Amino acid sequence: MNTTKPQPKRGTPDFQLLILTLLLVGFGLIMVFSSSSSLAVFNEKFNNDPLHFTKRQVAFAVLGTLVMFVTMNINYKKFKKLFIPVFFLTLILLILVVIIGSATNGATSWFNLGKLGIQPTELAKIATIVYLAALITKKGERIRQWKGGFFPVLIIVGIVAGLIMLQPDLGSCFILVATSGLLIYAGGASLKHILGCISLVVLGLALTLGIGSLFNSGGDQEQASKNYKVGRIEAFMDPFQDESDTGYNLVQSLIAIGQGGLTGAGYGESVQKLHYLPNPYNDFIFSVIGEEFGFIGTAIFLLLYLYFILRGIIVSLRCSDPFGTLTGVGIMGLIAIQAFINIGGVTNTIPITGVTLPFISYGGSSLLVMMLSMGIVLSISRDSNRPMKEEQVKSVIKKDYRATV
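Residues numbered from 1 in each chain as written. Predicted model: local features only at pLDDT ≥ 70, side-chain atom pairs only at ≥ 80, totals over all residues. Heavy atoms only, no water.

## Comments concerning the overall build of the protein chain
For the record, the criterion: Put simply, DSSP marks the helices as runs of H or I at least four residues long and the strands as runs of E at least two long, and each gets a number from the N terminus on. The buried label applies to any residue whose accessible area, calculated with a 1.4 Å probe on protein chains only, is under 20% of its type's maximum; exposed applies above 50%, and partly exposed to all values in between. Should any heavy atoms of two residues lie within 4.5 Å, those residues are considered in contact. In these tables, accessible area is a Shrake-Rupley quantity obtained with a 1.4 Å probe, and a residue counts as shielded only by the protein chains included in the view.
The helix and strand inventory of the protein chain stands at 14 helices and three strands. Counting only residues that meet the buried cut, the protein chain has 44% of its 405 residues in that class. Of all intrachain contacts in the protein chain linking residues separated by at least 6 positions in sequence, the fraction that spans at least 24 positions is 72%. A total accessible area of about 21,100 Å² is found for the protein chain, and carbon and sulfur atoms account for 66% of it.

Pasting the structure below:
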């Protein structure tokens, strides 16, 4: 006699979240073409092919969509069993990339596999989120304790952040730490412990910068890296003080957004992307959006992006499983924080850190990991959309009836 209990049927993925994800990816492909075609067509390095970047991004978008659809049909609870091996694999990759990785813009963040580049930091973000969600769920109320709850979680975050800073990649490190802080707070950690850690981090950064300014005897490369970081701070304070050097990137970005005016120059008509903006298809793609679509178009885009993030958070909060809720909130928090840092940097709201705009900027590793992440959130959404049994339906009807009476 088979005594195995029948597994409850899973619900359908959240349709709104799925459509919003595909819309953002589609818009990203359109903007990658607009911002990169005029540069690639005049560059022999890219075979004078205006579709060089677009074709690569389309390939990753197709692969990412397949990954998303496969992932959303896998029960998200299975990822809880894989969090330890995947997390330690990520740590190994972060160590290896510092040793044998390829340097780009002063950071050793990439593995070059032929014509493809893999950035382990992107995988580290989602791996850390899943690891922390599983760990916090396991600890339960103990997360409010320092020794047996909060401190071990803090060590995990510190190890990953430290490995990322060895590259060094300040922007990704900040995103990871901020997302982890959000996840830890959502998991019920003591606000006193969180504020204390924030104070220590700020104090540590201040001491590091202060000591670094006193001892400038490092090598030429180290000194150039320090000057570059200081230049970003100076550019944030007053980008027009040195328009041709430290403030150049930010000034060109502000000019692009300003030239967009109310209605924009029109799709494909950006002037600043023509060898003025650095990496217009990557870090500064939002500036191109501002110039081509203006205030109205940019506002619509931001409202759509905001609704997408809120929808993902709502879907996650509806999940009956704490692990699912924390994972979903962590993923949507990651997207929101990274988007804020990218947009805030190019609009001079915060210092530029050189991170991509999720789903929009050119970058295969980033897009693949984001699509994988949304597959997990869509899998979580199936929990709240699960069909109710007959007795559950009757219970809900009774509650509604009593409420009206």
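Further notes follow.
## Observations concerning unusual backbone geometry
Phi at asparagine 279 takes a positive value of approximately 50°, unusual for a residue other than glycine. Its location among the elements puts asparagine 279 in the loop between α10 (248–260) and α11 (285–317). Of note, phenylalanine 359 is a non-glycine position whose phi angle comes to about 75°, a positive value. Looking at the element boundaries, phenylalanine 359 is found in the loop between α12 (322–346) and α13 (364–384).

## Some words on helix α5 (residues 120–139)
Inclusion rule: Multiplying 1.5 Å by the residue count of a helix minus one yields the expected span of that helix.
The end-to-end C-alpha separation of α5 is 28 Å, in line with the 28 Å expected for 20 residues at 1.5 Å each. Across the 20 residues of α5, 17 count as buried, placing the element largely inside the fold. Within two residues after α5, glycine 140 carries a phi angle of roughly 60°, on the positive side.

## Here's the deal with the nonpolar core
Where we set the bar: Nonpolar core, defined: a set of buried Ala, Val, Leu, Ile, Met, Phe, Trp, Tyr and Cys residues in which side-chain atoms within 4.5 Å join the residues together.
Among the nonpolar cores identified, the biggest contains 88 residues, and Tyr305, Phe308, Ile335, Leu357, Phe359 and Met374 are the most heavily contacted of them. With 11 residues, the single largest contributor to this core is α12.

## Quick notes on the pattern of salt bridges
Where charged atoms from two side chains of opposite charge approach closely, those side chains can pair. Our working rule: Put simply, a salt bridge is a Lys or Arg side-chain nitrogen that is within 4 Å of an Asp or Glu carboxyl oxygen.
Throughout the structure, instances matching the rule amount to four salt bridges. Among the ionic pairs, aspartate 14 bridges to arginine 311, the shortest N-O distance being 2.6 Å. Here the residue aspartate 14 occupies a position in the segment before α1 (15–40), and arginine 311 occupies one in helix α11, the gap between them amounting to 297 residues. Its salt-bridge partner being aspartate 49, residue lysine 55 comes within 2.7 Å of it at the nearest N-O pair.

## Some words on the packing of aromatic side chains
Our working rule: By convention, a stacked pair of Phe, Tyr or Trp rings (six-membered ring in the case of Trp) has centres within 6.5 Å and planes under 30 degrees apart, an edge-to-face pair has planes over 60 apart, and any other such pair is tilted.
Going through the model one piece at a time under the given rule, you end up with 14 aromatic pairs. Between tyrosine 267 and phenylalanine 293 the ring centres are 6.4 Å apart and the planes differ by 40°, which places this aromatic pair in the tilted class. A residue pair is termed long-range when its members are at least 10 positions apart, and tyrosine 267 in the loop between α10 and α11 and phenylalanine 293 in helix α11 qualify at 26 residues. Seen in terms of ring centroids, phenylalanine 286 and phenylalanine 301 are 6.4 Å apart; in terms of plane orientation they differ by 40°. Their pairing is tilted. On the accessibility criterion, phenylalanine 301 (5% relative accessible area) is buried. The rings of Phe27, Tyr267, Phe286, Phe293, Phe301, Tyr305, Phe308 and Phe359 are connected pair by pair, giving a single aromatic cluster.

## Re α10
Note that an α-helix has 3.6 residues per turn; residues three or four places apart therefore point the same way. Across its 13 residues, α10 extends 19 Å between first and last C-alpha, which sits within 8% of the 18 Å expected from 1.5 Å per residue. Residues of α10 that are buried: Leu250, Val251, Gln252, Ser253, Ala256 and Gly260.

## Notes on the side chain of aspartate 49
The condition that has to hold: In protein, a polar contact requires one atom able to donate a hydrogen and another able to accept it; more generally it is a pair of N or O atoms within 3.5 Å, and residues adjacent in sequence count only if both atoms are side-chain atoms.
Mapped onto the elements, aspartate 49 comes out in the loop between α1 and α2 (52–72). At a separation of 2.7 Å, a polar atom in the side chain of aspartate 49 contacts the side chain of lysine 55. With residues up to four places along the chain from it excluded, the contact list for aspartate 49 reads Ala40, Val41 and Lys55.

## Digging into a nonpolar patch on the surface
Applicable threshold: Residues enter patches when they are more than 30% accessible in relative terms and free of salt bridges; like-charged ones are connected within 9 Å and nonpolar ones (Val, Leu, Ile, Met, Phe, Trp, Tyr) within 5 Å.
Nonpolar side chains collect at one region of the surface, where Phe15, Ile19, Leu22, Leu23 and Phe69 lie side by side and expose about 440 Å² of accessible area between them. As for its placement among the helices and strands, leucine 22 is situated in helix α1. By relative accessible area, which is 32% here, leucine 22 ends up partly exposed.

## Details of the environment of glycine 26
As for its placement among the helices and strands, glycine 26 is situated in helix α1. When its relative accessible area of 26% is taken as the criterion, glycine 26 is described as partly exposed. For the pair glycine 26 and alanine 61, spaced 35 residues apart in sequence, the C-alpha to C-alpha distance is 8.6 Å.

## Section: the packing of α11 against α13
The condition is simple: An axis is simply a line fitted to the C-alpha atoms; with a helix, the fit covers only the stretch in contact. Between two such axes, the angle follows the N-to-C directions and lies from 0 to 180 degrees. Here roughly perpendicular refers to angles of 65 to 115 degrees, roughly parallel to angles under 35, roughly antiparallel to angles over 145, and oblique to all remaining angles. For any pair of crossing helices, the crossing counts as left-handed if the nearer helix is rotated counterclockwise from the farther one by less than a right angle, and right-handed if it is rotated clockwise. The nonpolar class holds Ala, Val, Leu, Ile, Met, Phe, Trp, Tyr, Cys and Pro. Asp, Glu, Lys and Arg form the charged class, and all remaining residues, Gly among them, are polar.
Contact geometry for α11 and α13: axes closest at 8 Å, N-to-C directions at 50°. It follows from the interaxial angle that α11 and α13 lie oblique. Where α11 crosses over α13, the two elements pack in a sense that is left-handed. Across the interface between the two elements, Phe308, Gly312, Val315 and Ser316 from α11 touch Met374, Val377, Ile380, Ser381 and Ser384 from α13. Grouping the constituent residues of the contact of α11 with α13 by class yields five nonpolar, four polar and no charged.

## Section: the side chain of glutamine 167
With respect to the secondary-structure elements, glutamine 167 resides in the loop between α6 (146–165) and α7 (170–186). On the accessibility criterion, glutamine 167 (3% relative accessible area) is buried. For glutamine 167, the side chain forms a polar contact with the side chain of threonine 121, separated by 3.1 Å.

## Let's talk about the packing of α6 against α7
Their axes nearest at 9 Å, the elements α6 and α7 cross at an angle of 165°. Between α6 and α7, the crossing angle belongs to the class labelled roughly antiparallel. Both α6 and α7 take part in a crossing whose hand is right-handed. Facing Phe150, Val153, Val157, Val160, Ala161, Ile164 and Met165 of α6, the residues of α7 in contact are Leu170, Ser172, Cys173, Leu176, Val177, Ser180 and Ile184. Classifying every residue of the contact of α6 with α7 gives 12 nonpolar, two polar and no charged.

## Quick word on the environment of glycine 162
Mapped onto the elements, glycine 162 comes out in helix α6. Note on glycine 162: relative accessible area 34%, which makes it partly exposed. Remark: the alpha-carbon pair of glycine 162 and cysteine 173, spanning 11 residues in sequence, is separated by 8.0 Å.

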